[in-house]
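# A look at the structure
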Amino acid sequence: LQATSSRHDLDEVRVLVTAGGTREPIDPVRFIGNRSSGKQGVALAAAAADRGAKVVLLAANVEAAVLADVSERDDVRVVPVGTAAELEAAAQGAAPGADAVIMAAAVADYRVAEVSDSKLRKEDSDAPPVLELVENPDILVGLVRARHDGQVIVGFAAETAEDADELLERGRRKLARKGVDLLAVNAVGWVQGFESAENAVQVLDADGRMVREIGGSKREVAEAILDTVVDELAAARR
Ligand code: CTP
Ligand code: CA
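Residues numbered from 1 in each chain as written. Chains lettered and ligands numbered in written order. Predicted model: local features only at pLDDT ≥ 70, side-chain atom pairs only at ≥ 80, totals over all residues. Heavy atoms only, no water.

For the protein chain, an unreviewed UniProt entry supplies the name Coenzyme A biosynthesis bifunctional protein CoaBC and the organism Leucobacter iarius. Taken verbatim from the UniProt record of the protein chain, the Function (unreviewed entry) comment is "Catalyzes two sequential steps in the biosynthesis of coenzyme A. In the first step cysteine is conjugated to 4'-phosphopantothenate to form 4-phosphopantothenoylcysteine. In the second step the latter compound is decarboxylated to form 4'-phosphopantotheine." (UniProt positions renumbered as here; feature names shortened; annotations may be inferred.)

The structure is reproduced here in structure tokens:
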């Protein structure tokens, strides 16, 4: 791959990136979480800033070591968040000031209906607890509804699929459901996609056409996704 970061095709473009995975509390010491490391989102933030963007990174439970790539830069403002509700509030606050929104965070689909103020103890119950869950709001759909003219919104879809056709089919259905301009689809499994440094992504446009297919480091994947954002921003200006 070329040293793409020497390109300055995002100069002065304001980019909002979400990264990591939300954690939904059960009690003061436990949560429901997911395996997203935040590496792909951080790579997107770093690559966008290198290409000239002013970046706000909403980081949901991203380890300091992962954030180190961007934490010292003044062109990336890192805002830590914990739960889906916190991510939603921060995203709604930041999105109006963004030309592009890249929703790489893994948002918990459900949260615990009633969070216990004290630790759940075995001593206090004679059977395993049953946790009642309620659905979290779809942050991305909310941002799409509030989208301003010319704003480009990118969603992510990490899918388990039997084969490439099923992956694409699932991606296209999700694209239609979300109403995003671009959807980055990647296959995940028990090892693929999460902690790993490598990633493989297909980017679909609003019509479901595959506009990029890229496998490589998360940085290379980030650059390819940003290429599609640059194209969309140009198209939106026309
Ligand atoms: N997303 C979101 N808010 C949620 C759930 C998902 O903003 N409550 C965003 C994710 O950040 C991602 C996109 O929506 O950019 C797709 O997430 P995904 O979990 O694949 O989609 P879901 O609609 O939750 O469907 P699924 O049942 O496959 O999890
Ligand atoms: Ca989901």
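On to the site of ligand 1, then. Around ligand 1 sit 14 residues in total, of which Met103, Ala105, Leu140, Lys174 and Lys178 are the nearest. The separation between an oxygen atom of ligand 1 and a polar main-chain atom of Leu140 is 2.8 Å. Protein coverage of the free-state accessible area of ligand 1, which is 570 Å², stands at 78%. Every element with two or more residues in the shell around ligand 1 is listed here: helix H4 (139–145), strand E9 (152–159) and helix H5 (164–178). Its residues assigned to classes, the shell around ligand 1 comprises eight nonpolar, one polar and five charged. (Near = heavy atom within 4 Å. Polar contact = N/O pair within 3.5 Å; in protein donor to acceptor, adjacent residues only side chain to side chain. Areas by Shrake-Rupley, 256 points an atom, 1.4 Å probe, with all protein chains shown as cover. Helix = DSSP H or I, 4+ residues; strand = E, 2+ residues; numbered from the N terminus. Nonpolar A, V, L, I, M, F, W, Y, C, P; charged D, E, K, R; others polar.)

Attention now goes to the coordination of the calcium ion (ligand 2). The coordination sphere of the calcium ion (ligand 2) contains the protein donors Asp109 (OD) and Asp109 (OD), at a distance range of 2.4 to 2.5 Å. Residue placement: Asp109 occurs in the loop between strand E6 (100–103) and strand E7 (110–112). (Donors = N, O, S within 2.8 Å, 3.2 Å for Na, K, Ca; no water.)

If you want to describe how two helices pack, look at the angle between their axes and the distance between the axes. Between helix H1 (residues 39–50) and helix H2 (residues 64–71), whose axes approach to 9 Å, the crossing angle comes to 10°. Classified by the angle between their axes, H1 and H2 sit roughly parallel to one another. Side by side, H1 and H2 meet where Lys39, Val42, Ala45 and Ala46 of the first sit next to Val66, Leu67, Asp69 and Val70 of the second. (Axes fitted to C-alpha atoms, helices over the stretch in contact; angles between N-to-C directions. Parallel < 35°, antiparallel > 145°, perpendicular 65-115°, else oblique. Contact = heavy atoms within 4.5 Å.)

Time to look at the pattern of salt bridges. In this structure the tally under the stated criterion is 20 salt bridges. In this structure, the salt-bridge partner of Asp50 is Arg73, at a minimum N-O distance of 2.9 Å. Within this pair, whereas Asp50 is found in helix H1, its partner Arg73 is found in the loop between H2 and strand E5 (76–81), the two being separated by 23 residues in sequence. Residue class for Asp50 comes out partly exposed when judged on its relative accessible area of 24%. Here Asp207 ties to Arg209 by a salt bridge, and the two come within 3.1 Å at their closest N and O atoms. By relative accessible area, which is 51% here, Arg209 ends up exposed. Through salt bridges that share partners, Arg7, Asp9, Asp50, Arg51, Arg73, Asp75, Arg219, Glu223 and Asp227 make up one connected network. (Salt bridge = Lys/Arg side-chain N within 4 Å of Asp/Glu carboxyl O. Buried < 20%, exposed > 50% of the residue type's maximum accessible area, 1.4 Å probe, protein only.)

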